[in-house]
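One letter stands for each residue in the lines below.
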Amino acid sequence: MVTVRNTPETRFARVNQAGEDLQALLAPPELGESFPDLARWHEELAALQKSLSTQQSHSDFALVVFAGSSGGGKSTLLNALARSNLVETGTARPTTKEIRAFTHPEADISTRREYTGLADLRAVDSEDAGAFPEWLVAVEVPDRRLFQEENPRFAAKIEEILDLADVTVWVTDPQKYADADFLADLRRWGNPQGSVVVLTHTEALAADSLDAVMKDLQTALEKSGIGLPVMNATVFDESTVAAFREKILEMATLPESRFRAMNFRLQKVAQTIAREAAVSPEVEVETQGAEEKFCGQVAQACAVEETEEQLQKSYLRASRPFMMPPPLTWLAGAQPLTESPQFLPPKTNTAEVNLAARHFVDAVGEKYPQNWNSFFHRRAAHHAASLISALDLAMASWEGPRLENKLWWRLWRAWQWIILFALVATSIWALIWLVSFLGGAPIPGLLGPVPLPPLSFGLALVVVVVSMLLGLKISGSRAKKFGETGAQKFRQLLDEVSRKAFLAPLHQEMTLYPQVSELTAQMGGI
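Now for a description of the structure that goes with this document. These numbers were taken from a predicted model, which means no experiment stands behind them. Numbering of residues starts from 1 in every chain and runs along the sequence as written. Only residues with pLDDT of at least 70 get local features here, since the model is predicted, and only at 80 or more are side-chain atom pairs given and counted; chain-wide, interface and lining totals rely on the full set of residues. Side-chain calculation: all heavy atoms of the structure are included, whereas hydrogens and water are not.

### Details of the nonpolar core
Then, number 1: Throughout, nonpolar core names a set of buried Ala, Val, Leu, Ile, Met, Phe, Trp, Tyr and Cys residues whose side chains join them through atoms within 4.5 Å. To sort residues, take the accessible area from a 1.4 Å probe on protein chains only and compare it with the maximum for the residue type: under 20% means buried, over 50% means exposed, and anything in between is partly exposed. The biggest cluster of nonpolar side chains holds 63 residues, and the ones touching the most others in it are Phe360, Trp372 and Phe502.
Then, number 2: Secondary structure elements follow DSSP: runs of H or I of four or more residues count as helices, runs of E of two or more count as strands, with numbering from the N terminus. Where this core is concerned, the elements lending two or more residues are helix H1 (8–25), helix H3 (36–57), helix H10 (256–277), helix H11 (288–301), helix H14 (350–364), helix H15 (370–397), helix H17 (452–510) and helix H18 (512–522).
Then, number 3: One finds Leu63, Val141, Leu199 and Ile226 within the second-largest nonpolar core, a separate group that totals 36 residues.

### Brief notes about the sheet that holds strand S2 (residues 100–103)
Then, number 1: DSSP calls a pair of strands paired once it identifies at least 2 bridges connecting them. Taken in spatial order, the 7 strands line up as S3-S2-S4-S1-S5-S6-S7 in an open sheet, and their pairing is mixed. At either margin of the open sheet sits one strand with a lone partner, and together these are strand S3 (122–123) and strand S7 (230–232).
Then, number 2: Alignment of strand S1 (residues 62–68) against strand S4 (residues 136–140), held across 5 bridges, turns out to be parallel. By the bridge assignment, Val64 is partnered in S4 with Ala138.

### Section: the pairing of S2
Then, number 1: Across the two faces of S2 the burial is the same, with Arg100 and Phe102 and Ala101 and Thr103 all buried.
Then, number 2: By the bridge criterion, 2 bridges tie S2 to S3 in an arrangement that is parallel. Its bridge partner lying in S3, Phe102 is registered against Arg122.

### Concerning the environment of Ala180
Then, number 1: With respect to the helices and strands, Ala180 occurs in helix H7 (residues 180–189).
Then, number 2: You can call Ala180 exposed: its relative accessible area is 53%.
Then, number 3: Between the C-alpha atoms of Ala180 and Ser224, which are 44 residues apart in sequence, the distance is 9.6 Å.

### With respect to the side chain of Arg100
Then, number 1: Its place among the elements puts Arg100 in strand S2.
Then, number 2: Polar contact criterion, stated in full: a pair of N or O atoms within 3.5 Å, where within protein one must be able to donate a hydrogen and the other to accept it, and residues adjacent in sequence count only if both atoms are side-chain atoms. Polar contacts involving the side chain of Arg100 include one to the side chain of Ser75, which spans 3.0 Å.

### Considering the packing of aromatic side chains
Then, number 1: Each pair of aromatic rings taken from Phe, Tyr and Trp, with Trp reduced to its six-membered ring, is defined by centres within 6.5 Å and is described as stacked if the planes are under 30 degrees apart, edge-to-face if over 60, and tilted in the remaining cases. Under the criterion given, the structure shown has 16 aromatic pairs.
Then, number 2: Each ring, one from Trp398 and one from Phe490, has its centre 5.0 Å from the other, and the planes form 45°; the classification is tilted. Of this pair, Trp398 sits in the loop between H15 and helix H16 (407–439) while Phe490 is found in helix H17, placing the two residues 92 residues apart along the sequence.
Then, number 3: In this structure Trp398 comes out as buried when scored by relative accessible area, which is 17%.
Then, number 4: Site record: aromatic cluster; members linked through ring pairs are Phe35, Trp41, Tyr368, Trp372, Phe375, Phe376 and Tyr513.
Then, number 5: One residue, Arg258, lies across the ring of Phe61, its end atom 5.3 Å from the ring centre. Lysine NZ or arginine CZ positioned within 6 Å of the ring centre and within 35 degrees of the ring normal marks a charge as sitting over the ring.

Take it as geometry only, folks, not as evidence of what the structure does.
Structure (structure tokens):
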């Protein structure tokens, strides 16, 4: 048995595959027209997949970003990580007014510049290179909130860097850690496995006061739903700086840091989709009863009952003359029974089909969130229009069942000739008897006092009449069966068209909901 190691690569491959499946699922343009959010989610996923592909192809270095409150001590911590004065520090606010990025002098700087989009990515001085890992790119970004209004393009660039970060150091101080905007940034970019909140400027705090501030900071994060580790670092305590540097280098270890960051980006998009879609894996909908009711309503809209009546009448028109004696059939000019009865296809009742489509969605869509229910109604209206066209085409091309010249027809015609011959023979015999009786000649055909000729004629006449009535009864019974059978086949045609043109595509679109739920769950979204 081959065992596949659960490496960062294999873990991300599974998560990434779920993202690709979700992107493909939301791709059809007609879905986006009926559910704008689907189109937006697809575009976001497409952009994200492209970005993640770039991240995966540049996984030979880790991007550590220092972000947070202005004046919090980002520059100081960056210098501490590099064990060198890479950037100036000071009391002016904001000290950092540009994005400052550094990497090892022996690294492929051009590739890393292309990846980060930072043309001014600089190599550290050669004398400081020993303390700066070759696999590290360290970036300090200003507080983006200071530039959102006056320079939104620069603020957007900062956001791009935060999106790419493998490890993010969120720097704050005892006066700013509860700032609402700061906490909002943590909720957006705070990767629990790739971010750390560092409290600085604590050198003036007593031990108990520092503990109280740290606990209060942790409480503020928990109340905001942010599960990030918290630590303290001050340049006046070398042990805290050493612990900080060790923590960051551990978090930035490759390739785990890169794949954690990539997974986090996928998960955030999945969380957004799951939240906006209000998906839940617990939604289960039974549609069989609603589908049968829908097909019945469509059949009614296509006048299946009138079709049955029409087929019965066609059968009676073709068969009843043949229930009569052959001479009467000839005089009536009846056509051979092998011809198909005339079938005029009914016209689809458009209003009833649209109403049936709305009722179907009302029945099966009530358990879905409102935005999905509205989406299903729009798709149902679209498919109902397609169904009406398909029904008209199917009915126009459908031929009614053919009358078959079966054995019983031939036996019946033989019987008609037999009783007709008997009637003619007995009528001649009775006429001879009557002439003899009136002329006073010896009367033939007497059985005692009973005259057989007129009695035979009367009996033959009764048989002919009874046969005609029985034939009409048989014709009516077979016409009913013929109409029921034809209507059943007609309804089967309508059911098949209804399922292919309406139920199948709509059902496929209704499975979007559980599929989105499943895929976002695989991506870690819910």
